[in-house]
Amino acid sequence: MGIPLDEVEDLLLESSAYRQAGRVLLPKLGDVRGRPLTPLHGGHVGLLCTAGMLNGVFGEGDARHIAHWRSVKFTDHWEEQEEDGTRILHDRERFSHELTLVFANGKTQVLTHEKKDSE
Amino acid sequence: MKNAHLRFGWLTYVKSTEKTTTSIRLRLDRFIGEVLPDPPRQAKAHLISVIGGDTQIAAVSAAISLGDRFMVDGPGIQPIRVCLERNAQCFKGSVQLGGRKKPLRHLISLSEEFASSNVSASSGRTLLASSGVRFIWASLAHIHGIPGMPEWADWFAGELNTHKAIVRVLGIGCDPVLVKGKKDQFLSWLSWGVESGAISLPAETGSIRWPSLSLQDIFLPAN
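What comes next concerns the included structure. (Residues numbered from 1 in each chain as written. Chains lettered and ligands numbered in written order. Predicted model: local features only at pLDDT ≥ 70, side-chain atom pairs only at ≥ 80, totals over all residues. Heavy atoms only, no water.)

### Concerning the pattern of salt bridges
All names here are of chain A. In the structure shown here, the tally under the stated rule is 13 salt bridges over all chains. Here K73 ties to E93 by a salt bridge, and the two come within 3.7 Å at their closest N and O atoms. One end of the pair, K73, is in strand β2 (residues 65-81); the other, E93, is in strand β3 (residues 87-103), and 20 residues separate them in sequence. Under the relative-accessibility criterion, K73 is labelled partly exposed at 35%. (Salt bridge = Lys/Arg side-chain N within 4 Å of Asp/Glu carboxyl O. Helix = DSSP H or I, 4+ residues; strand = E, 2+ residues; numbered from the N terminus. Buried < 20%, exposed > 50% of the residue type's maximum accessible area, 1.4 Å probe, protein only.)

So, in structure tokens, the structure goes:
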């Protein structure tokens, strides 16, 4: 007996394989709602920001902007030369935060732990 | 839905050893591949989704781990040799059909490039499973960390077309695209768009609600 493709097609998107692959195929669009029980202090706000849970529209006038936080993996690469001529390649990976801003006047900015990056 | 056989493709795997030749032919419900310029009639597979029995799925899973090649054909796609290459990710599942004792096995495999958004962000090549403008904009905003509003999707799609940044790739059961460009480039388009008034920031301050997307939204509706 062959495979009843009409039935399979209807059921397939519910399979656990598609559920797992969906995490890769679909964008993870965080939608956090709610009201905190107590007012948030600076530390709370910082944690929520860096987790990308407070992405949105802020400020007024020329300072009005959309903010988007995300975690980024940075890789530092450097080389060392030994006295005997041996070359040692170093790669150090670390996670840091990145904040990208689009202002109402069209200016954009990418802020990281490193200096510079303004357009 | 009816006439699914018109939408499904075939995946064929042939393995020859000194004594035996194993040939497996499985139904393929989704496929994403990128045709390679050289040699001709070969493609790099990015997504393979097949259904079959226990043994067949186990054999194909092992073949993927070994980096073996398959033949793929389907609606609108002439037979082409494909390979997922190294470090492909596999996801397994099963589908229980009425009137059958054993469930049907399901295997999805993704190429390393497709499975890793980090690779996409740094290489300037972003492969997406659908050509829907809402999906493309939401995916790029997520992968590259671009601030924006969901309502800018149509405008951004226009920019991608203007800059010829979208390339269609092979697909069965979906309409995949390859978006070329890096974050700096996308931000410069946004900068111009906001400055020129083509897009604008909302009047209200607060969080941005992106509409949720499901697999049904991104894969072609059966018709």
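### Side note on the environment of K92 of chain B
Take K92 of chain B: it is sitting in strand β6 (residues 89-95). For the pair K92 of chain B and A58 of chain B, spaced 34 residues apart in sequence, the C-alpha separation works out to 9.8 Å. Beyond its immediate sequence surroundings of up to four residues, K92 of chain B is in contact with S16, A17 and Q20 of chain A together with S61, H106 and L107 of chain B. A polar contact of 3.4 Å, which involves the side chain of K92 of chain B, links it to the side chain of S61 of chain B. (Contact = heavy atoms within 4.5 Å. Polar contact = N/O pair within 3.5 Å; in protein donor to acceptor, adjacent residues only side chain to side chain.)

### A few points about the interface of chain B and chain A
Opposite the 67 residues of chain B that make contact, chain A presents 52 residues. Surface buried jointly by chain B and chain A totals about 4800 Å² across both partners, of which 66% is contributed by carbon and sulfur atoms. The tally of links from chain B across to chain A stands at two salt bridges. K183 of chain B serves as the salt-bridge partner of E98 of chain A, at 2.4 Å between the closest nitrogen and oxygen. Between the two partners, chain B and chain A, sit 23 residue pairs in polar contact (both at pLDDT 80 or more). (Buried area = accessible area lost by both parts, 1.4 Å probe.)

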